[in-house]
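# Residue-level structure breakdown
Listed here are the chains, written in short residue letters.
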Amino acid sequence: MHVGAPQGSILAATLFRLHIHFLPSIFFQTTTHLFADDLAILMTGSLEKRFSLNIVDLEERAKHVMCTLEKYAENNLLPVNIKKTKAVLMHSVIAPPLPKLEYKKQKIEIVPSFKYLGVTITQKLGWGLYIDDKLKTIRKTYNAMKTLFYNIPKSEMCLRRRIFLAFSLPHFIWLMTTWFFFSENQQQKINKTFISGLKIVYGLYGWDDITTLILCQEKTLQDYIYAFWLRFSIHLEKSLEATSYQHTWTAFQAITTLDKTLYKKFGGESQGTVVAGGNGSGNRLDQLSNPRYIFVDRDHSVYVSEYRNDRVMKWIEGAQQGIIVAGGPGKGNGLTQLSCPYGVVAEQLGTVYVADLENHRIVRWSKGATQGRVIVSEKGEGGQLAA
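An unreviewed UniProt entry annotates the protein as Reverse transcriptase domain-containing protein originating from Rotaria socialis.

Mapped onto the elements of the fold, aspartate 297 is located in the loop between β9 (291–296) and β10 (302–306). Buried and unpaired, aspartate 297 has no salt bridge, with lysine 314 as the nearest side chain of opposite charge at 4.8 Å. In this structure the side chain of aspartate 297 is engaged in a polar contact, spanning 3.0 Å, whose partner is the backbone nitrogen of aspartate 299.

Residues of strand β15 (residues 361–365) alternate between two faces, with Arg361, Val363 and Trp365 buried on one and Ile362 and Arg364 left unburied on the opposite face. As paired elements, strand β14 (residues 352–356) and β15 share 5 bridges and run antiparallel to each other. Bridged to valine 352 within β15 is tryptophan 365. What sits between the antiparallel neighbours β14 and β15 is a turn of 4 residues, in which histidine 360 has the positive phi angle 55 degrees. One ladder, built from 4 bridges, connects β15 with strand β16 (residues 373–377); its direction is antiparallel. Bridging across to β16, isoleucine 362 finds its partner in valine 376.

Here we take up the packing of helix α3 (residues 128–149) against helix α6 (residues 184–202). Direction vectors running N to C along α3 and α6 enclose 5 degrees, while the axes themselves pass 10 Å from each other. Our classification of the angle between α3 and α6 gives roughly parallel. Residue-level inspection shows Gly128, Ile131, Asp132, Leu135, Ile138, Arg139, Tyr142, Met145, Lys146 and Phe149 of α3 in contact with α6, the latter providing Gln186, Lys189, Ile190, Thr193, Phe194, Ser196, Gly197, Ile200 and Val201. Partitioned by chemical class, the residues of the contact of α3 with α6 number 10 nonpolar, 5 polar and 4 charged.

For helix α4 (residues 157–167), the full list of buried residues reads Met157, Arg160, Ile163 and Phe164. Buried residues of α4, seen end-on, are gathered within an arc of 120 degrees and therefore sit on one face of the element. Packing partners of the buried residues in α4 comprise α3, α5 (169–176) and α6.

Take the packing of aromatic side chains next. Each aromatic ring pair is described using two quantities: the centre-to-centre distance and the angle formed by the ring planes. Evaluation of the coordinates by the stated rule reveals 15 aromatic pairs. Taking the centre distance of 5.8 Å and the plane angle of 70 degrees together, the rings of tyrosine 307 and tyrosine 342 count as edge-to-face. One end of the pair, tyrosine 307, is in the loop between β10 and β11 (311–315); the other, tyrosine 342, is in strand β13 (residues 341–346), with 35 residues separating them in the sequence. Linked through ring pairs, Trp127, Tyr130, Trp179, Phe181 and Phe182 together constitute an aromatic cluster.

Cut-offs used in this document
- All residue numbers here refer to positions counted from 1 along the written sequence of the relevant chain.
- Local features are withheld for residues below a pLDDT of 70 in this predicted model, meaning they are given only at 70 or higher, and side-chain atom pairs are given and counted only at 80 or more; totals for whole chains, interfaces and linings count all residues.
- Working from all heavy atoms in the structure, the side-chain values ignore hydrogens and water.
- Helix numbering and strand numbering both begin at the N terminus, where a helix is a DSSP run of H or I of at least 4 residues and a strand a DSSP run of E of at least 2.
- Each residue gets one of three labels from its accessible area relative to the maximum for its type: buried under 20%, exposed over 50%, partly exposed in between, using a 1.4 Å probe on protein chains only.
- Positive charge is attributed to Lys and Arg, negative charge to Asp and Glu, and no charge count is given to His or to the chain ends.
- For salt bridges, the criterion is a side-chain nitrogen of Lys or Arg within 4 Å of an Asp or Glu carboxyl oxygen.
- Nitrogen and oxygen atoms within 3.5 Å of one another constitute a polar contact, given that in protein one can donate a hydrogen and the other can accept it, and given that sequence-neighbouring residues count only through two side-chain atoms.
- Note: two strands are recorded as paired if DSSP finds a minimum of 2 bridges between them.
- The axes are straight lines fitted to the C-alpha atoms, using for helices just the contacting stretch, and the angles between their N-to-C directions are given from 0 to 180°.
- Orientation labels follow simple angle bins: below 35 degrees gives roughly parallel, above 145 gives roughly antiparallel, 65 to 115 gives roughly perpendicular, and whatever is left gives oblique.
- Two residues form a contact once any of their heavy atoms are found within 4.5 Å.
- The classification used treats Ala, Val, Leu, Ile, Met, Phe, Trp, Tyr, Cys and Pro as nonpolar, Asp, Glu, Lys and Arg as charged, and all other residues, Gly among them, as polar.
- Read the arc as the range of directions from the helix axis to the C-beta atoms.
- Under the pairing criterion, centres of Phe, Tyr and Trp rings, with the six-membered ring standing for Trp, must be within 6.5 Å; the plane angle then separates stacked pairs below 30 degrees from edge-to-face pairs above 60, leaving the rest tilted.

Spelled out as structure tokens, the structure:
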């Protein structure tokens, strides 16, 4: 075997874990989404800058990101398919200047739209193409159902319903994840298509939509959407893996809500409130020195990595001083020390994960622990050479 590994094999999963799993962690100040070997990198502009200045800034940041990706790819023997690599500039400007993007001196094509994980994303962030594509697929299932139902009488309604739920409903579920971004007309169009499917199942041709729902006594599309989002919200509350989504959703609420109280709660006041430090640069418990990254948990406690103090502090909401949760006894590579900590993430139970920059490692600190445990480093876990 010279290239690749058998799909579904233990070898393939192991190679993925070693070479691709940590790929998103190498990028800073960008949002990354990794699904198998498909990587999406999102870079945002600044609202206070002119559009032309944002283009220049994006070009510089993209150049740095591509250099980082190139180095990672070379170190891990991972080829990047530039022909399949596309870029989309999302904007509201007429005839905007396009940034110049390259990878190893190969030009990256900028396109008006592309499909990522089944979702069509456009430069105007419109949903029309995505909806039309899904409805086209749904109508194909309807045509197939019509053919099948010639040989399945209405007395076998249970079987007819199962066919609809198995082959048509899943395509509607794809639309539920982005339902609240759709316009009212788009939602009505999708709902009408859903009811058309019920008419085929129950043979209620010629009836209006309301009468169809009454006669078939099936769940409405809104019932399925409610059930979907109810289960999804419960998952977000309990799943540790959903932390980044929670932060994104909180930011989205703060920007779009009409509730000004909520907006202020998320930082929309005319002036800020000090939640950590504020007493000058220093190493006291009520001070910070060159803070780099923060993490906010569900209790609104703020975790801060300090570059100069080589520690991570936890500031409980309303507290006058912080608590050292990682590092502290000066710079070093011991298990009680950190050296220029960068990124920090905290779990629900208080466990803290720290990117220890100059020690080239990721260290886990359990709640109340006096020393950390290396979970990822150049030498592997526990100081042993990584395979």
